[in-house]
Amino acid sequence: MNRFPTGGLIDRDISIPFTFDGQTYTAHPGDTLASALLANGVRLMGRSFKYHRPRGVLTAGSEEPNALMEIGIGADCTPNTRATTQEVYNGMVAQSQNRFPTLKADILAVNDLLSPFLGAGFYYKTFMWPKKFWEAIYEPIIRRAAGLGRLSGQADTADYDKAWAYCDVLIIGGGPAGLMAALTAAKGGAKIILADEDFIIGGRLNSEQTEVDGKHSQRWAAEVATQLAEMPNVRVMTRTTVTGAYDGGTYGAVERVGDHIADAHGAPRQIFWRIVAKHTILAAGATERPIAFPNNDRPGIMLASAVRTYAHRYGVAAGQRVAVFTNNDDGWRTARDLMALGVTVTGLIDARTDVAPDVDCPVFTGAAVVGTGGRLGIERLSVRTSDGSIQQINADCLAVSGGWNPSLHLTGHMGGKPTWREDIAAFVPSPDSIPNLVTVGAANGTFSTLGALKEGMAAAKAALKNLRLKQVRPKVPAADDAQGAVTAFWHVPDVKGRSWLDFQNDVTVKDIAVAHRENFRSVEHMKRYTTLGMATDQGKMSNMGALAVMSALTGQSIPETGTTIFRPPYTPVQMGALGAGAAGKGFAPERLTTSHDWATSRGASMIEVGLWHRASWFPREGETYWRQSCDREVKMVREAVGVCDVSTLGKIDIQGPDAGVFLDRVYTNVFSTLKVGKVRYGLMLREDGMVLDDGTTACIGQNHYVMTTTTGATGPVMSHLEFCAQCLWPELDVTMISVTEQWAQIAVAGPKSRELLAGLIDDISNESFPFMGCGAVSISGVNGRLFRISYSGELAYEIAVPARYGESLMDELVKRAEALGGGVYGMEALNVLRIEKGFLTHAEMDGRVTAADMGMSGMMSTKKDFIGKVSSQRDGLNDPMREQLVGIKPTGAVRQILGGSIMVNVDADPIRENMQGHVTSVCYSPTLDGMIGLAFVKGGHARIGQTIRAVDLLRNVDTLCEIVSPQFHDPEGEKLRG
Amino acid sequence: MRISCPHCGERDHREFEYLGSAKLLERPDGGDRAAFHDYVFQRKNPTGENAELWQHVMGCSAWLHVVRNITTHEITAVKLARDVKAAAR
Ligand SMILES: [Zn+2]
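Remember, predicted model here, so these are calculated numbers, not experimental data. (Residues numbered from 1 in each chain as written. Chains lettered and ligands numbered in written order. Predicted model: local features only at pLDDT ≥ 70, side-chain atom pairs only at ≥ 80, totals over all residues. Heavy atoms only, no water.)

1. As for the overall build of chain B
Put simply, the rule is: Elements are defined by DSSP. Helices are runs of H or I of four residues or more, strands are runs of E of two residues or more, and each kind is numbered from the N terminus. Per-residue accessibility, obtained with a 1.4 Å probe over protein chains only, is compared with the maximum for each type, and a residue is labelled buried under 20%, exposed over 50%, and partly exposed between these values. Each accessible area value is a Shrake-Rupley result obtained with a 1.4 Å probe; residue values ignore everything except the protein chains displayed when judging cover.
For chain B, the count of helices and strands is two helices and six strands. Moving toward the C terminus, one meets the helices and strands of chain B in the order β-β-β-α-β-β-β-α. Burial analysis of chain B (89 residues in total) assigns 40% to the buried set. A total of about 4,900 Å² of accessible surface is found on chain B, and carbon and sulfur atoms cover 49% of it.

2. Looking at the domain arrangement of chain A
You'll often see interface size given as the accessible area lost when the parts meet. Filter applied, for reference: Per the annotation, domain bounds derive from an automatic or database assignment of domains.
Splitting chain A by domain gives domain 1 (12–154), domain 2 (160–286 + 406–466), domain 3 (290–402), domain 4 (498–564), domain 5 (626–834) and domain 6 (880–978). A separation of 58 Å is found between the C-alpha centroids of domain 2 of chain A and domain 5 of chain A.

3. Considering the coordination of the zinc ion
Residue and element names in this part refer to chain B. Formally: Atoms are scored as donors when they are N, O or S and lie within 2.8 Å of the metal, with 3.2 Å used for Na, K and Ca; no water is included, so coordination may look incomplete. A four-donor site is classed as tetrahedral when every donor-metal-donor angle falls between 85 and 135 degrees; four donors are called square planar, and six octahedral, when trans pairs exceed 155 degrees and all remaining angles lie between 65 and 115, with any other arrangement labelled irregular.
Coordination of the zinc ion by the protein involves C5 (SG), C8 (SG), H56 (ND1) and C60 (SG), with metal-donor separations of 2.0 to 2.3 Å. The site at the zinc ion holds four donor atoms, and with the angles between them running 104 to 119°, its shape is tetrahedral. Residue classification places C5 among the buried positions, given a relative accessible area of 3%.

4. A few points about unusual backbone geometry
All names here are of chain A. In this chain, P568 is followed by P569 through a cis amide linkage whose omega measures 0°. Of note, P569 is situated in the loop between α13 (558–561) and α14 (575–578). Even without a glycine there, the phi angle at M772 is positive, about 65°. The exposure class of M772 is buried, given its relative accessible area of 17%. Positioned with a positive phi, D970 is a non-glycine residue whose angle comes to about 45°. As for its position among the elements, D970 is in the loop between β50 (957–964) and α22 (974–977).

5. Regarding the side chain of T449 of chain A
Put simply, the rule is: By definition, residues are in contact when any of their heavy atoms lie within 4.5 Å.
Within the fold, T449 of chain A resides in helix α9 (residues 449–466). Sequence-distant contacts of T449 of chain A, defined by excluding residues within four places in its chain, comprise P176, L205, V212, A479 and D480 of chain A.

6. Focus: the sheet that holds strand β38 (residues 704–709) of chain A
All names here are of chain A. To keep things clear, this is the line we draw: Note on pairing: two strands pair once DSSP finds at least 2 bridges between them. Fitted lines through C-alpha atoms give the axes, limited to the stretch in contact for helices. The angle between two N-to-C directions lies from 0 to 180 degrees.
Judged by pairing direction, the sheet is antiparallel, and its five strands sit side by side in the order β36-β37-β38-β35-β39 without closing on themselves. Lying at the two open borders of the sheet, with one neighbouring strand each, are β36 (678–685) and β39 (735–738). Within the sheet, the average angular offset between the axes of one strand and its neighbour, ignoring direction, is 25°. Sheet analysis places strand β37 (residues 691–701) next to β38, joined by four bridges and oriented antiparallel. Counted as the bridge partner of A698 is V706 from β38. The strands that helix α18 (residues 714–728) touches are β35 (650–655), β36, β37, β38 and β39; relative to β39, the one it contacts most, it runs at about 165°.

7. A short note on the packing of α18 of chain A against helix α2 (residues 81–88) of chain B
How we decide: Here roughly perpendicular refers to angles of 65 to 115 degrees, roughly parallel to angles under 35, roughly antiparallel to angles over 145, and oblique to all remaining angles. Basically, the charged four are Asp, Glu, Lys and Arg, the nonpolar ten are Ala, Val, Leu, Ile, Met, Phe, Trp, Tyr, Cys and Pro, and anything else, Gly included, counts as polar.
In contact at an axis separation of 7 Å, α18 of chain A and α2 of chain B are set at 40° when each is read in the N-to-C sense. In terms of orientation, α18 of chain A and α2 of chain B fall into the oblique class. Counting all contacts with α18 of chain A, which are made through A725, Q726, C727 and L728 of chain A, the residues of α2 of chain B involved are A81, R82 and K85 of chain B. Taken together, the residues of the contact of α18 of chain A with α2 of chain B sort by class into four nonpolar, one polar and two charged.

8. Some details on the interface of chain B and chain A
To keep it simple, the criterion reads: In short, buried area is how much 1.4 Å probe accessible area vanishes from two parts on joining, totalled over both. Salt bridges, as used here, are contacts in which a Lys or Arg side-chain nitrogen is within 4 Å of a carboxyl oxygen on Asp or Glu.
Each partner contributes to the interface: chain B provides 29 residues, whereas chain A provides 28 residues. Between chain B and chain A, a total of about 2,300 Å² is buried, with carbon and sulfur atoms accounting for 52% of that surface. Of all residues in chain B, R27, R33 and R82 of chain B give up the largest surface area on contact with chain A, accounting jointly for 28% of the area buried on that side. Counting across the chain B and chain A interface gives four salt bridges.

9. Notes on the state of the cysteines
All names here are of chain A. Counted only if it meets this: The rule for a disulfide is simple: a pair of cysteine sulfur atoms within 2.5 Å.
Here the structure, examined in full by the defined rule, presents zero disulfides over all chains. Residue C630 stays outside any disulfide, its sulfur separated by 7.8 Å from that of C923, the closest cysteine. Classification of C630 by relative accessible area gives buried; the value is 1%.

10. Things to note about the sheet that holds strand β17 (residues 301–303) of chain A
Residues and elements named next belong to chain A. Judged by pairing direction, the sheet is parallel, and its five strands sit side by side in the order β17-β24-β18-β19-β20 without closing on themselves. Two strands close off the open sheet at either side, each with one partner strand: β17 and β20 (363–365). Neighbouring strand axes in the sheet, compared pairwise and without regard to direction, differ in orientation by 20° on average. Its contacts with the sheet place helix α7 (residues 304–312) against β17 and β24 (397–401), and it is angled at close to 85° to β17.

11. Quick notes on the confidence of the model for chain B
Note the cut-off: The predictor's confidence in any single residue is recorded as pLDDT, a number from 0 to 100.
Residues with a pLDDT of 70 or more make up 100% of chain B, whose mean pLDDT is 95. Scored by ipTM, the complex comes to 0.99, with pTM at 0.91.

12. So, the pattern of salt bridges
Using the criterion set out here, one finds 47 salt bridges over all chains in the structure. The shortest N-O distance in the salt bridge between R53 of chain A and D297 of chain A comes to 2.6 Å. Of the two residues, R53 of chain A sits in the loop between β3 (46–47) and β4 (54–55) while D297 of chain A sits in the loop between β16 (286–288) and β17, which places them 244 residues apart along the sequence. In this pair, the class of R53 of chain A matches that of D297 of chain A, namely buried. One salt bridge connects R11 of chain B with E15 of chain B, and the closest N-O pair in it is separated by 3.2 Å. Residue E15 of chain B is classed as buried on the basis of its relative accessible area of 18%. Through salt bridges with shared partners, a single ionic network connects R204, E208, R308, D330 and R333 of chain A.

13. As for the nonpolar core
Residues and elements named next belong to chain A. Test applied: What is meant by a nonpolar core is a set of buried Ala, Val, Leu, Ile, Met, Phe, Trp, Tyr and Cys residues, joined one to another through side-chain atoms within 4.5 Å.
The biggest cluster of nonpolar side chains holds 57 residues, and the ones touching the most others in it are F18, F20, L33, L37, M69, M302 and Y310. With six residues, helix α1 (residues 33–39) is the largest single contributor of residues to this core. When residues no more than four places from it in sequence are discounted, the contact partners of M69 are F20, L33, L37, M45, T78, P79, N80, T81, A83, Q95, S96 and Q97. Of all hydrophobic cores here, the second largest spans 38 residues; its members include A659, A713, F723 and W729.

14. Observations regarding helix α17 (residues 659–666) of chain A
Residues and elements named next belong to chain A. The buried fraction of α17 is high, at six of eight residues. Within α17, burial applies to A659, G660, F662, L663, D664 and V666. The elements touched by buried residues of α17 are β35, β36, β37, β38, α18 and β39.

15. Concerning the environment of I378 of chain A
Residue and element names in this part refer to chain A. Here I378 shows up in the loop between β21 (368–373) and β22 (380–384). Separated by 82 residues in the primary sequence, I378 and N296 have C-alpha atoms spaced 9.3 Å apart. In contact with I378, other than residues within four places in its own chain, are R43, R298, P299, G300, I301, T372, G373, A395, D396, C397 and L398.

16. Overview of the pairing of strand β14 (residues 250–256) of chain A
Residues and elements named next belong to chain A. Burial of β14 is extensive: six of the seven residues sit out of reach of the surface. Relative to β14, strand β13 (residues 240–246) runs antiparallel, the two being bridged by six bridges. Within the sheet, the bridge partner assigned to G244 lies in β14 and is G252. Between β13 and β14, which pair antiparallel and follow one another directly, the connecting turn spans three residues, one of which, G248, has a positive phi of 70°. Examined bridge by bridge, β14 and strand β15 (residues 270–282) share seven bridges and lie antiparallel to one another. Its bridge partner being in β15, E255 is matched across the sheet by I271.

17. Remarks on the side chain of K215 of chain A
All names here are of chain A. Here K215 lies in strand β11 (residues 215–216). Exposure remark for K215: the relative accessible area of 18% places this residue in the buried category. If sequence neighbours within four positions are ignored, K215 has contacts with T210, W220 and E223.

18. What about the pairing of strand β32 (residues 605–609) of chain A?
Residues and elements named next belong to chain A. The sheet contact formed by β32 and strand β33 (residues 612–617) spans five bridges and is antiparallel. Of the residues in β33, the one forming a bridge with V609 is W612. Linkage of β32 to β33, two consecutive antiparallel strands, is achieved through a turn of two residues, within which G610 is found at a positive phi near 65°.

19. Looking at the environment of A185 of chain A
All names here are of chain A. Assignment of secondary structure puts A185 in helix α5 (residues 176–187). Separated by 116 residues in sequence, A185 and M69 have C-alpha atoms that sit 39 Å apart. Aside from chain neighbours lying at most four places away, what touches A185 is V169, A190, I192, A460 and L464.

20. Side note on the packing of aromatic side chains
Residues and elements named next belong to chain A. Condition: For this analysis, a ring pair means two rings from Phe, Tyr or Trp (six-membered ring only for Trp) whose centres lie within 6.5 Å, classed as stacked if their planes differ by under 30 degrees, edge-to-face if by over 60, and tilted for the remaining angles. Only when the NZ atom of a Lys or the CZ atom of an Arg is both within 6 Å of the ring centre and within 35 degrees of the ring normal do we say a charge sits over the ring.
Evaluated as defined, the whole model comprises 17 aromatic pairs over all chains. An aromatic cluster is defined as three or more aromatic residues linked by ring pairs; in this entry it consists of F293, F325 and F489. When the ring centre of W729 is taken as origin, the NZ or CZ atom of R665, which lies over that ring, is 5.1 Å away.

Below, the structure written as structure tokens:
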């Protein structure tokens, strides 16, 4: 065991069992998977992406590139989970990934021997030839060998949620700067949210042996966190990563609610938050960076800051004999801290020459690590001393400190470019990169604890001032003021062997040199050529090192070499969280008619029309194929009476003294002359002259109209009408509202429809309800509306009742229809009935057709202006050779027509150049006993009687057709007037 | 992006639907085809501030006249399109 006898923010009284690669270990509450494994002496935690090199944990935070695990089993398994952030829970199952068959004996480590062939750009070079080998051989092998965790292949059963939060001040990060900012802003009365990705507030305060306000920094952090949690204007969100910064002070954040507990008891696993903040204080801290030297990726080689975190926060010794390699003063602190805890420090190697570390261990200044050795973990290292000699040092852990990179990622999310600071050899955020966001503390390059506290307080005070809130003057607690000196040192030069820059994507210093040699020198090119920084850690560990190597090769400074652009998310976000609430019915909500249950109870086959679910057909006993039901339902309507729920049609209630004038302007035809009790068919254009929609509008009272729209166009039409009323003619006194949901509407169609309604409605005579008449009716005491309109070409009515009576009316009407030899019909029959009659849907009105194309020039009033009138006069829209609506029916041996077929002349090749038009709607017509179709044909109106071909090359159907009038059934309209 | 609806207050942009340039308010009177061609098809594509029309579809359904900086997405003014149109008359 590598656990110190005391210390750390863990509960030693409780032991939690968990398994890693099948072996059972124990952890304590407060442990991460990484700290628990280290405590149990497990150093080997993964295999690298490309070369399958053995890897151990490098960091103690969310920037971890190596220790990625599969957590959970089956559908609950989450791959690529960072062991450094995953809290251990009772019975947790963790597995290493990217190895076969086991972590210790990974056969694919043979890739490492092939590394001369797998270097930078290997995809682009090696597998170019022979071409057909790529898909068949190379790609499957590479895909099998390269890759990280595996997906279960099962649907994710976990719950995710989404939520919104609003605050005056959002503080990102709960280290010294964030805590001081929160304390100050909270005392001033601001409504604040403090978000931290960790499960304990405090940041580096929990990882160091230092004092704040005269007490241990861990205690100070805990006390401030408790104080904040008790304030009503503060919301402390732990386990919450702010992942992105967006316009208008909006931030995305993931809260991990259930990832750390065995049973979440119904709580969502994660919540995706959108936080809207008036002011934001970014106190995200900094991440330590490694130094590249040969074989710097052996398990046991870790960041010095991580070694201190494991020691102070988790009470874990990362090794028993530790060496330290540093280019800054933090390395000394690591050595001192470890020795104070009783760990042997076998060597302190400082790359700087002009320093004198005050540490009681073997010290090498002006020196560098030039190699490491050990099987599946470091056992020794070679040091090149200042005089050039090589010295061997034994160590089971090497703590490396290359300086710190401010965590400025969020400040790049809106295009901000960072500023280079030579004194700390790092980029810091440029001010105003994100509106109303201020960066403080280590994220701003201020690395001392005292400096962080001061900056956090200053930023909070500025926010309070902007918010016009109470100014407060809290005392800055006493704290360490050492900023720590650093001299840039990125990689050890003049060495043999591979020095790793990007641990996750297996990119070495040499790979950058190859990219440079092959002229991929811009940072963005270099990244893509080598894949550096393109793994799940987004280059948090590697970008700076690679930039430095490239800058040395090109002779430019680092800021001249450039910086890569950081994009959301800051750390990987699971699709489940991003898609919370938007899967399944959340993605496509269901709109159900009031007769939905009634229809399904009668065995109706349902079809989706937009979000609506409608009955397609109602099979009767003995019917096994949809066509049987459909044909019967069509005949029923033509010969007796049919009943159909048409509630999905859009219904817009329009009222006001200027309603008639308004309708005149939005319809092509005149409506202001429509009398109360009358319905008129109307055609609506877009301003560019194309058809927007059609439908009927009824005048049901003085200045009171009810417009119907096609089911799919309801939203766009409503929006268009609102636009016209508000933006074009605000002087018109007219208001409108959608009443689609409020009214159930049922069609009763067929020669016996009047007979059916006679028993329900007092006066259904042709005099009271002539064709295109409407009026109020009472149906069994319910106040409804009756419209004598027809979408089938038969004598027909539509009855509207308040939605709550829809189902019972449907049931009653169908009973009566069945008594008359009719019954209910669905969408398929409705479609056949309208095609037989030449009525249109959006299959025809596809946004590219004019009224003239559809043979409706007569509906374009010349007496008034209307939307689309002027544009429809454009020359091109009046070309007689435009595709025009016609009917088609087969005349040759082939009797089938397929929707979507293209039309060509009889002797022409069926190719694009010869296209004469296309088929929009087809059906088998039981009335005409054959297939019929609606089509658009060039100059079609003048080609009635001619022969043409409908060709479907995909389904290989080529049909000789006669061009006919689109009104196949009762073209004179005698039936619907009867 | 946040848009302050004069009726409903500041809301997330996903409650709104974007239509296009506020030039759409200036529908020509009369039947001049050239004027309509310009109105229907011609748009400026300015860098910086642009007047646009948005509708609060998931709120009060008001059409809004929004002045937005296309480069920074900063919104400097929101008015009811109805009022802007009426004032222009
Ligand atoms: Zn609104």
